[in-house]
Amino acid sequence: MQTSIDERGTEGAREDDGVAAASVSEQATRQAQRLDRLFQLASAIMLAVVAVGTAWSGYQAARWSGVQATAYVEASSTRVASSAAATRAGQLTAVDVGLFSNWINAYAAGDEELASFYRARFRPEFTPAFDAWVITQPRTNLKAPSSPFVMPEYQLAAATEAAQLATQAEALFAKGQAANQVSDDYVLNTVILAAVLFFLAIAERFNWLPVRVFVLTAALVLLLFAVYRVAAFPIN
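Remember, predicted model here, so these are calculated numbers, not experimental data. (Residues numbered from 1 in each chain as written. Predicted model: local features only at pLDDT ≥ 70, side-chain atom pairs only at ≥ 80, totals over all residues. Heavy atoms only, no water.)

A. Structural detail: the confidence of the model for the protein chain. Summary statistics for the protein chain give a mean pLDDT of 86 and a share of 85% for residues scoring 70 or more. Ranking the elements of the protein chain by mean pLDDT puts helix H1 (residues 2-108) last with 81 and helix H3 (residues 127-135) first with 94. (pLDDT = per-residue confidence, 0-100. Helix = DSSP H or I, 4+ residues; strand = E, 2+ residues; numbered from the N terminus.)

Structure below.
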């Protein structure tokens, strides 16, 4: 009889152990399901951010590429205008040099009529420099400037225009380079977001929790880095 009681006690203990084990297994299953749903939710949110970030980065890259192209075209046309103005300035300087040389020759020869003839044909831009040079008495003053062309009064509007256009061309070219860099930065951001997408895809392949957590963490870090870059970049 005592043996029968012991057997029933043993069977009861086994049943209790079985119930406890089933309860633990059920809890583990529910926990695993909660973690899986959490991972799925996190992956979905990150996928949405990746989609928006990729579209925005591609759009901005295209916009900044347009800015770059426009700036380069404007810089090229401005350089052409600068070259044209510089050529015109050189031609006008040649005219001034020719008339001044003829005036010097006539003046040295004592031909006042011929000197006056050339003097009357000086260009308006050259006349102030010539008058200022004459005041220095170059014939007797050894310290006088060598010619009117070194006088500060000798200013050609075409030469000034050429210098201004050259400066504008450099500024436009620099603008194009800056736009190109921004466009490249946005393109690089799409590459980073593609890496995030890759990590999210392979994370679903791992059933081992530590590896899955590591892969998703890596994806999250890259995603936050990409979002930070987008927030820091200029918008066109």
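What follows picks up the thread again.
B. Quick look at the packing of aromatic side chains. Inspection of the entire model under this criterion finds 19 aromatic pairs. Here the aromatic rings of Phe100 and Trp103 are separated by 6.1 Å at their centres, their planes lie at 20°, and the arrangement is stacked. Here Phe100 and its partner Trp103 are both found in helix H1, 3 residues apart, which amounts to about one turn of the helix. Among the residues examined, Trp103 registers a relative accessible area of 11% and is labelled buried. Feature note: the residues Phe100, Trp103, Tyr107, Phe122, Phe126, Phe130, Trp133, Phe149 and Tyr154 constitute an aromatic cluster, connected by ring pairs. (Phe/Tyr/Trp six-rings, centres within 6.5 Å; stacked < 30°, edge-to-face > 60°. Buried < 20%, exposed > 50% of the residue type's maximum accessible area, 1.4 Å probe, protein only.)

C. Inspection of the side chain of Arg123 at higher detail. The topology assignment puts Arg123 in the loop between helix H2 (112-120) and H3. Overall, the relative accessible area of 15% leaves Arg123 in the buried class. In terms of polar contacts, Arg123 uses its side chain to reach the side chain of Glu125, at 2.9 Å. Setting aside its immediate chain neighbours within four residues, Arg123 contacts Leu92, Val95, Asp96 and Leu156. (Polar contact = N/O pair within 3.5 Å; in protein donor to acceptor, adjacent residues only side chain to side chain. Contact = heavy atoms within 4.5 Å.)

D. Seen up close, a nonpolar patch on the surface. On the surface, a cluster of nonpolar side chains totalling about 320 Å² of accessible area is made up of Leu41, Ile45, Val49 and Val227. By residue number, the principal contributor to the nonpolar patch is H1, which donates 3 residues. Take Val49: it is sitting in helix H1. (Patch = residues over 30% accessible without salt bridge, like charges linked within 9 Å, V, L, I, M, F, W, Y side chains within 5 Å. Areas by Shrake-Rupley, 256 points an atom, 1.4 Å probe, with all protein chains shown as cover. Salt bridge = Lys/Arg side-chain N within 4 Å of Asp/Glu carboxyl O.)

E. Looking closely at the pattern of salt bridges. Taken as a whole, this structure holds 5 salt bridges when the rule is applied. Salt-bridge contacts for Glu161 lead to Arg88; the nearest nitrogen and oxygen are separated by 2.9 Å. Of this pair, Glu161 sits in helix H4 (residues 157-203) while Arg88 sits in helix H1, and the two are 73 residues apart along the sequence. For the salt bridge of Arg119 with Asp131, the shortest nitrogen-to-oxygen distance reads 3.0 Å. A residue pair is termed long-range when its members are at least 10 positions apart, and Arg119 in helix H2 and Asp131 in helix H3 qualify at 12 residues. Of the residues examined, Asp131 reaches a relative accessible area of 34% and is grouped as partly exposed.

F. Up close: the packing of H4 against helix H5 (residues 209-232). Their axes nearest at 9 Å, the elements H4 and H5 cross at an angle of 160°. Between H4 and H5, the crossing angle belongs to the class labelled roughly antiparallel. Classified by chirality, the crossing of H5 by H4 is left-handed. For the pair formed by H4 and H5, the contact residues are Asp185, Tyr186, Leu188, Asn189, Ile192, Leu193, Ala195, Val196, Phe199, Leu200, Ile202 and Ala203 on the first element and Arg212, Val215, Leu216, Ala219, Leu222, Leu223, Phe225, Ala226, Arg229 and Val230 on the second. (Axes fitted to C-alpha atoms, helices over the stretch in contact; angles between N-to-C directions. Parallel < 35°, antiparallel > 145°, perpendicular 65-115°, else oblique. Left-handed = near helix turned anticlockwise from the far one by under 90°.)

G. Region of the structure containing unusual backbone geometry. In this structure, Gln137 takes a positive phi of about 55° despite not being glycine. By the secondary structure assignment, Gln137 is in the loop between H3 and H4.

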